[in-house]
Amino acid sequence: MAYLPAEERRRSIIDAAVVVIASHGLSGATTRRIAEQAEAPLGALHYCFRNKAELIDLVAERGATMLREAFDGVDPTRGLEATIRDSVSAYWQWVQANLGLQLALLELGMWRIRQAGEDENVYSMYDAFGTDLLKRNLELAVKAEKSEPAITVEEITRFITHRFDGMILEYAASRDREACQRQADLLADALVLLALPG
């Protein structure tokens, strides 16, 4: 195993954790398995991270940051229809490029739901994964058009987020890019029809 500076080693371990969580689930993401995937000594995990929880939090943080960056090209000043279509497209492009990370994030989301029990704030975890940014872009698009959509921005945001949860699983199982692209296009078309007044 080659020597790596601490920060580079941390990145390689986070990358390995993403792969392991995506393929083995959170319960199968043992420190030994992550170290093997990272081609790092087991002690490196304990040196680079306080505990496994810190590593898991950093995986989630990385995913949230990358997903938010995927929406950089969405320009809400183009109006509501363009913002809906561009947001769906950006999300779908991100899923295709980061399927392993997205599966790891879904796994982490399910774990948080299970851990939260009756906690009313558990739904807010979606905010970190682009929901707040998506909602903000849609609100800016509505302001740019100076007219209210036929359904609320909250409903549009939830529709996109929830449909993508299902589409991620469909794509992971089928790897049928063409069929899932068609679903993304239909999602955008349906939302435009639902959201635009008249």
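Residues numbered from 1 in each chain as written. Predicted model: local features only at pLDDT ≥ 70, side-chain atom pairs only at ≥ 80, totals over all residues. Heavy atoms only, no water.

1. Overview of the overall build of the protein chain
A tally of helices and strands in the protein chain yields nine helices and zero strands. In the protein chain, the succession of helices and strands from N to C terminus is α-α-α-α-α-α-α-α-α. Judged by the C-alpha coordinates and their principal axes, the protein chain covers about 60 × 35 × 35 Å. Put simply, the protein chain has 198 residues, and 43% of those count as buried. (Helix = DSSP H or I, 4+ residues; strand = E, 2+ residues; numbered from the N terminus. Buried < 20%, exposed > 50% of the residue type's maximum accessible area, 1.4 Å probe, protein only.)

2. Section: the confidence of the model for the protein chain
For the protein chain, the mean per-residue pLDDT works out to 88, and 91% of the residues sit at or above 70. Across the protein chain, the secondary-structure element scoring lowest on mean pLDDT is helix α6 (residues 99–116), at 81, and the one scoring highest is helix α9 (residues 177–195), at 97. (pLDDT = per-residue confidence, 0-100.)

3. A word on helix α2 (residues 31–38)
The set of residues buried in α2 consists of I34, A35 and A38. Viewed along the axis of α2, the buried residues span an arc of 100°, placing them on a single side of the element. When the buried face of α2 is taken as reference, the exposed residues oriented beyond 90 degrees from it are R32 and E36. As for α2, its buried residues are in contact with α1 (6–24), α3 (42–48) and α4 (52–70). (Arc of directions from axis to C-beta. Contact = heavy atoms within 4.5 Å.)

4. So, the pattern of salt bridges
The tally for this structure, following the rule as stated, stands at 10 salt bridges. The residue E7 makes a salt bridge to R10 at a minimum N-O spacing of 3.9 Å. Taken together, the residues span about one helical turn, with E7 and R10 both in helix α1 at a distance of three residues. A salt bridge links D132 to R68, with the shortest nitrogen-to-oxygen separation between them at 2.7 Å. In this pair, D132 sits in helix α7 (residues 125–145) while R68 sits in helix α4, placing the two residues 64 residues apart along the sequence. For D132, a relative accessible area of 32% translates into the label partly exposed. On the basis of relative accessible area, R68 is assigned to the partly exposed category, the value being 30%. (Salt bridge = Lys/Arg side-chain N within 4 Å of Asp/Glu carboxyl O.)

5. Comments concerning α1
Along its 19 residues, α1 runs 26 Å from first to last C-alpha, staying within 8% of the 27 Å computed at 1.5 Å per residue. All of the buried residues along α1 are R9, R10, S12, I13, I14, A16, A17, V18, V20 and I21. The elements touched by buried residues of α1 are α2, α3, α4 and α6. (Expected span 1.5 Å × (residues − 1).)

6. Brief notes about the nonpolar core
Residues I13, I34, V95 and F164 are the most contacted members of the largest nonpolar core, which totals 58 residues. It is helix α5 (residues 80–97) that provides the largest number of residues to this core, a total of eight residues. Excluding its chain neighbours within four sequence positions, the residues that come into contact with V95 are F164, I168 and Y171. (Core = buried A, V, L, I, M, F, W, Y, C linked by side-chain atoms within 4.5 Å.)

7. Quick word on the packing of α5 against helix α8 (residues 153–174)
Packing of α5 against α8 brings their axes to within 11 Å, and their N-to-C directions diverge by 25°. Considering the angle they form, α5 stands roughly parallel to α8. Regarding α5 and α8, the two cross each other, and that crossing is right-handed. Residues I84, V88, Y91, W92, V95 and Q96 of α5 form the contact with α8, whose own contacting residues are I156, I160, F164, M167, I168 and Y171. (Axes fitted to C-alpha atoms, helices over the stretch in contact; angles between N-to-C directions. Parallel < 35°, antiparallel > 145°, perpendicular 65-115°, else oblique. Left-handed = near helix turned anticlockwise from the far one by under 90°.)

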